[in-house]
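Okay, here's what each chain looks like letter by letter:
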Amino acid sequence: MQQATVSTVAAATTLFHGDAEGKELPSGEGHGKDEHMTHHDTAAIVQAHPNWKHDTETLAAIAQAGGWEKYVAVHGKEVAERAFYRPGLEKAVACMDEGDDETTVDGEELHLIRNAGSGILNMELDDLLGNAEFDPLDPAYIEQLADAFIARGITVIHCHGGCGAGGIALEKKWEKKLGRKLTPEDKKQYVTPEAVDALVQEFSRLVVEAMQRKLKAMGREEDAAKVRMHFKPIEQLSRPAEAHIAQVIYYDGTNAFKTSSGVLPRGFLVSAQALSEKGGEKTVDLAKAISFGGHGPGELLSGDRKLHVVCIGDPSNPAFSSEALMERAMSWIASLPEDQRNRIVIESFTAPAARH
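Here the structure is a predicted model, which means the values were calculated and not measured. (Residues numbered from 1 in each chain as written. Predicted model: local features only at pLDDT ≥ 70, side-chain atom pairs only at ≥ 80, totals over all residues. Heavy atoms only, no water.)

1. Quick word on the packing of helix H5 (residues 139-151) against helix H8 (residues 193-217)
Between H5 and H8, the least distance of the axes is 9 Å, while the angle of their chain directions is 60°. In this structure, H5 meets H8 at a crossing whose hand is right-handed. Between H5 and H8, the contacting residues are Tyr141, Ile142, Glu143, Leu145, Ala146, Asp147, Phe149 and Ile150 on the first element and Phe203, Leu206, Val207, Ala210, Met211, Arg213, Lys214 and Leu215 on the second. Of the residues assigned to the contact of H5 with H8, the class counts are 12 nonpolar, no polar and 4 charged. (Axes fitted to C-alpha atoms, helices over the stretch in contact; angles between N-to-C directions. Helix = DSSP H or I, 4+ residues; strand = E, 2+ residues; numbered from the N terminus. Left-handed = near helix turned anticlockwise from the far one by under 90°. Contact = heavy atoms within 4.5 Å. Nonpolar A, V, L, I, M, F, W, Y, C, P; charged D, E, K, R; others polar.)

Set out below in structure tokens:
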């Protein structure tokens, strides 16, 4: 497995699930991490963070209750009131990063719809990693995203510093420009922390401009005026700048789950309704690769402490029920290597109806 070679690249160096050619993910996790840090150093950083302790204790309580469904049933009122966005909030597209779990703009909370890098990676491609033609700033791709975000009522394009998906996207951009895979020396030169942050902001700006133009063409001047971007520096994330600490990947069928409530553990969040089934699979797998990689909990996730993949069912939408999402997740996990399957727990719960 190729080790990250510059400070901006880290976690995504495990195999992408379902890649028949055995390609590796580009090393695109921008944490400002010293490339010489060891797994022991990372584990110490992870375990020292207060959210790791809180999440570990909550997961123990969930296990004691008999699993996620039973735990949520006992704490249903609190989960409904605190772990789901209230209706009427302004919507933003944001990253799946567990540290990018809460954002306010002008003092107002945003309802975050989350996926890898706020859409900077096209997870719908059959072979993203092998597709050297993909450019995150391609005008056709920007237009496609603008249409999708307008349809979902999104008004804020939110991005963050140290974005791993942004690092992968920058590698793909340079591969297209140079016409070849990047060497370790190329990555040191081109995929720097500053360059990754600049790319995610440029991507967000272009999407905002496309949305504003489209809305104005529809005669929706007031809506166009509301569309804007927001950037959060890596220091403001609710995880260490050097590492991921997530022990959970949420696959959310409601598109309304909030990981910052404190009621349930923080974790990567993939908004299922914002992606196709294929896109959801790849995004969940990217989160898994980060968790098991050298810049996540890694070897801490084994034995009694496993990585939880939790499907959140929408009680009002059969296509995104807990049963439907569990069927998808079980199919994905079944094809993983045995050592990874043994380190994963797949569970689900249905969102309390009272959240509406």
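2. Concerning the sheet that holds strand S5 (residues 228-232)
Read from one edge of the open sheet, 5 strands run S2-S3-S1-S4-S5, paired in mixed fashion. Only two strands of the sheet have a single neighbouring strand rather than two, namely strand S2 (104-105) and S5. (Pairing = 2+ DSSP bridges.)

3. With respect to helix H2 (residues 50-65)
Owing to its 3.6 residues per turn, the α-helix brings residues three or four apart onto one side. Here H2 contains 16 residues, and its C-alpha end-to-end distance of 23 Å stays within 8% of the 22 Å for a straight helix at 1.5 Å per residue. Of the positions making up H2, those classed as buried are Asn51, Trp52, Asp55, Thr58, Leu59 and Ile62. One side of H2 holds all its buried residues, which, seen down the axis, span an arc of 135°. Summarising the geometry of H2, the exposed residues directed more than 90 degrees from the buried face are Pro50, Lys53 and Gln64. (Expected span 1.5 Å × (residues − 1). Buried < 20%, exposed > 50% of the residue type's maximum accessible area, 1.4 Å probe, protein only. Arc of directions from axis to C-beta.)

4. A few points about the pairing of strand S1 (residues 90-95)
The pairing of S1 with strand S3 (residues 108-115) spans 6 bridges and is classified as parallel. Following the sheet pairing, Val93 is matched in S3 by Ile113. Judged from the 3 bridges that link them, S1 and strand S4 (residues 154-160) form a sheet pairing that is parallel. Residue pairing across strands places Ala92 opposite Val156, the latter belonging to S4.

5. Here's the deal with empty space enclosed by the protein
The final tally for this structure, using the stated rule, is 2 cavities of 30 Å³ or more. Its boundaries defined by the atoms lining it, the second largest cavity holds a volume of some 50 Å³. Around the second largest cavity, the lining is made up of 11 residues, and of these Val284, Asp285, Lys288, Ile333 and Leu336 lie nearest the centre. Among the elements that make up the lining of the second largest cavity, the one with the highest residue count is helix H10 (residues 277-292) (4 residues). Here the residues of the lining of the second largest cavity sort into 7 nonpolar, 1 polar and 3 charged. (1 Å grid on protein atoms, 1.4 Å probe; cavity = no way out; pocket = protein on both sides within 12 Å on 5 of 7 lines; lining within 4 Å. Points joined across faces, edges and corners; volume = space filled by probe spheres on them.)

6. Re the nonpolar core
With 67 residues, the main nonpolar core has Met96 and Leu121 as its most contacted residues. When neighbours within four sequence positions are excluded, Leu121 is seen to be in contact with Ala116, Leu128, Phe134, Tyr141, Ala165, Ile168, Ala169 and Leu286. One finds Trp68, Val72, Tyr250 and Val310 within the second-largest nonpolar core, a separate group that totals 19 residues. (Core = buried A, V, L, I, M, F, W, Y, C linked by side-chain atoms within 4.5 Å.)

7. Description of the environment of Ser276
Of note, Ser276 is situated in the loop between strand S7 (268-271) and H10. Ser276 gets classed as partly exposed once you look at its relative accessible area, which sits at 31%. Taking the C-alpha atoms as reference points, Ser276 and Met123, 153 residues apart in sequence, are found 9.0 Å from one another.

8. Overview of the pattern of salt bridges
Counted under the stated rule, the structure contains 21 salt bridges. The closest approach of N and O atoms between Arg180 and Asp186, which form a salt bridge, is 2.5 Å. Shared partners join several salt bridges into a network, and the residues in it are Glu143, Asp147, Arg213 and Lys214. (Salt bridge = Lys/Arg side-chain N within 4 Å of Asp/Glu carboxyl O.)

9. Overview of helix H11 (residues 322-334)
With 13 residues, H11 should cover 18 Å at 1.5 Å per step; its first-to-last C-alpha distance of 18 Å lies within 8% of that length. Of all the residues in H11, the buried ones are Ser322, Leu325, Met326, Arg328, Ala329, Trp332 and Ile333. For H11, the arc enclosing every buried residue in end-on projection is 160°, short of the 170-degree limit, so these residues lie on one face. Exposed residues pointing more than 90 degrees away from the buried face of H11 are listed as Glu323, Glu327 and Ala334.

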